[in-house]
Amino acid sequence: GVRAGEACRAAIADAGLDVSQIDGVACVPEQHLVVDRPTYDGTDFVTCQSVIRSLGINARWGENVNGMVGRSVAAAIAAIQAGLCNYAVVFRAMHNPSGPYGLTSIQAAHGPLQFEMPYGVYTPSIFAQLWHRYRHIYSSGSREQMAAFVIQARQNGLLWEHSYWAQYDPKPLTVEEYLAARTVSTPLSIFDCDIPVQGCGAFVVTTADRAVDLPHNPAYVHGMAASTFSRPDGILSFTLEHEMACGSRLASDLWRDSRVRPEDVSLANLYDGFSIIALLWLEAMGLCGKGESFEFIQNGRIGLDGALPLNPSGGNLGAGRLHGVTHLLDSVLQVMGRAGPRQVPNVDLALTTIGPLSRATATLLGPDRPAKS
């Protein structure tokens, strides 16, 4: 709770505002893998009500949203457009308790879970399944090819002072180290999995008319889309075909509503809870062809000076698992020209996807105010 308050105060000050001007708050309070023990607001998770109380915000609107930070940003945008508030602060605080990641003492599984959890059909194995299926269909997708993405993510993360690797193990990852890494669920290695961290990020959302009077050039929203396609049969229906269909529909909505094309994107921060997710996003968003993502990321194409810089933030793999905060924050800073050593020149549009393809948001940000319809 203390860190969430600090992040919100810092974002509000950076926007040139006073806490007294904030009248809306949104967040995702849930902690995905905190299980089997009491949880307390402000300690194990943080709701918008907790921050409203601790900062003394005179809120006209507040909402706790499920999912990842992209959904709470979408809620804040809708509230601003509806006139429910003028300035909303959106935050995401992540808490990861000590001990084995996702440790549970559950002794029984019911419903579809009885056919899944006893056999390890859960994170991360379900994402390993996606990679296996991809390789079967396209005869592409080796770990040697994936190394280009994971190593670039680490390199980018080292350029951000707040990333896990920059703070605790500031050295590049080599191809040899990646290929020799401990297997978690074939073909996923430990370096293909995101890093649980403690942290919080915050953003201020307002209208374009109000933003022009603030000290920094704004990051304007040019488009937003979401996928909310459930899997009623449980985790076993978490298939490559289903994920790609959901991602492709989201992409179609985004490109249609924003009236831009994939080739207009200057850089992409694509969610990488596991490495394979980012490469599937490349194909679903039309940034490369079907079955081409592993080839697409080779030969420096996704570097900061490449044809399509990918995850300049470092993402979850290169910075730490903050449920999309690093991805969205980097896109905001990139279009504002404030990304420091990670800055990509001449950014016209930054694409951010947050979440696996079937339960995700996608956002397009740009430095210029979008043309009216």
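Here the residue numbering is sequential within each chain, running from 1 through the sequence in written order. Where totals are concerned, whole chains, interfaces and linings use all residues; where local detail is concerned, this predicted model gives features only for residues with pLDDT of at least 70, and gives and counts side-chain atom pairs only at 80 or more. The side-chain values count all of the structure's non-hydrogen atoms but skip hydrogen atoms and water molecules.

Colleague: I tried to follow the overall build of the protein on my own but got confused; where do I start?
Modeller: Helix numbers and strand numbers start at the N terminus; a helix is a DSSP run of H or I with at least 4 residues, a strand a run of E with at least 2. When helices and strands are counted, the protein shows 13 helices and ten strands. Each of the three principal axes of the protein carries a C-alpha extent, and together these read 55 × 50 × 40 Å. Any residue under 20% of the maximum accessible area for its type is buried, any over 50% is exposed, and the rest in between are partly exposed; the area is computed with a 1.4 Å probe on protein chains only. Sorting the 373 residues of the protein into buried and exposed places 53% on the buried side. Sequence-distant contacts in the protein: of pairs separated by 6 or more residues, those separated by 24 or more amount to 74%. Only carbon and sulfur atoms are counted for the fraction: they give 52% of the accessible area of the protein, which is about 16,400 Å². Whether two residues are in contact is decided by their heavy atoms, any of which lying within 4.5 Å being enough. The method behind every accessible area is Shrake-Rupley, applied with a 1.4 Å probe, and residues are considered shielded solely by the protein chains displayed.

Colleague: How should the sheet that holds strand 3 (residues 88-94) be read in this particular structure?
Modeller: The pairing of strands in a sheet happens through backbone hydrogen bonds and is either parallel or antiparallel. Here, any two strands with at least 2 DSSP bridges between them count as paired. What the four strands build is an open sheet, ordered 2-1-3-6; its pairing is mixed. Strands with a single pairing partner mark the edges of an open sheet, and in this sheet they are strand 2 (61-64) and strand 6 (199-205). Between one strand axis and the next, the sheet turns through 15 degrees on average, direction left out of account. Taken together, the four bridges between strand 1 (residues 24-27) and strand 2 define a ladder with parallel strand orientation. Across the sheet, residue Val25 finds its bridge partner in strand 2, namely Gly62. Interaxial angles span 0 to 180 degrees and are taken between N-to-C directions of axes, which are lines fitted to C-alpha atoms, for helices over the stretch in contact.

Colleague: Help me out: how do you make sense of the packing of helix 4 (residues 125-138) against helix 9 (residues 240-258) in this one?
Modeller: How two helices sit against one another is set out by the angle between their axes and by the gap between those axes. Between helix 4 and helix 9, whose axes approach to 9 Å, the crossing angle comes to 90 degrees. When the interaxial angle is binned, helix 4 and helix 9 end up roughly perpendicular. Residues Leu130, Arg133, Tyr134 and Ile137 of helix 4 form the contact with helix 9, whose own contacting residues are Leu240, Glu241 and Glu243. Polar here means any residue outside two lists: the nonpolar Ala, Val, Leu, Ile, Met, Phe, Trp, Tyr, Cys and Pro, and the charged Asp, Glu, Lys and Arg; Gly therefore counts as polar. When grouped by side-chain class, the residues that make up the contact of helix 4 with helix 9 number four nonpolar, no polar and three charged. Small angles under 35 degrees read as roughly parallel and large ones over 145 as roughly antiparallel, with 65 to 115 read as roughly perpendicular and the rest as oblique.

Colleague: What's the story with empty space enclosed by the protein in this structure? I'm lost.
Modeller: If you roll a probe as big as a water molecule over the atoms, it shows you where there is empty space left. Only protein atoms enter the 1 Å grid used here. Points where a 1.4 Å probe fits but cannot escape make up a cavity, open sets with protein on both sides within 12 Å along at least five of seven lines make up a pocket, and a residue lines them when an atom lies within 4 Å of a point. Grid points are joined across faces, edges and corners, and a volume is the space filled by probe spheres set on the points. For the structure on display, the rule yields one cavity of 30 Å³ or more. Within this model, the largest cavity holds a volume of roughly 30 Å³. Residue classes in the lining of the largest cavity are distributed as three nonpolar, two polar and two charged.

Colleague: What is the right way to read the state of the cysteines from this model?
Modeller: Here, disulfide denotes a covalent bond that connects the sulfur atoms of two cysteines. Pairs of cysteine sulfur atoms within 2.5 Å are what we label disulfides. Counted under the stated rule, the structure contains zero disulfides. Of the cysteine sulfurs around Cys27, a residue in no disulfide, the closest is that of Cys48, at 5.1 Å. A residue is classified by how much of its surface remains accessible, and Cys27, at 0% relative accessible area, is buried. With no disulfide of its own, Cys85 has Cys48 as its nearest cysteine by sulfur position, at a separation of 11 Å.

Colleague: What is the right way to look at helix 5 (residues 143-157) in this model?
Modeller: Every α-helix carries 3.6 residues per turn, so stepping three or four residues along brings you back to the same face. Expected helix span is given by 1.5 Å per residue-to-residue step, counting one fewer step than there are residues. Over its 15 residues, helix 5 extends 21 Å from the first C-alpha to the last, a length consistent with the 21 Å expected when each residue adds 1.5 Å. Here helix 5 lies mainly inside the structure; twelve of its 15 residues are buried. Among the residues of helix 5, Arg143, Gln145, Met146, Ala147, Phe149, Val150, Ile151, Gln152, Ala153, Arg154, Asn156 and Gly157 are the ones counted as buried.

Colleague: Help me understand the nonpolar core in this model?
Modeller: The nonpolar side chains of a soluble globular protein tend to be buried with one another. Grouping buried Ala, Val, Leu, Ile, Met, Phe, Trp, Tyr and Cys residues that are joined through side-chain atoms within 4.5 Å yields what is termed a nonpolar core. In terms of nonpolar packing, the biggest core is built from 89 residues, with Phe149, Trp281 and Leu351 touching the most fellow members. Looking at which element gives the most residues to this core, the answer is helix 10 (residues 275-284), with eight residues. Leaving out residues up to four positions away in the same chain, Trp281 has contacts with Gly247, Leu250, Leu270, Tyr271, Thr353, Gly355, Pro356, Leu357 and Ala360. Judged by nonpolar contacts, the second largest core, of 23 residues, contains Cys8, Ala11, Ile52 and Tyr87.

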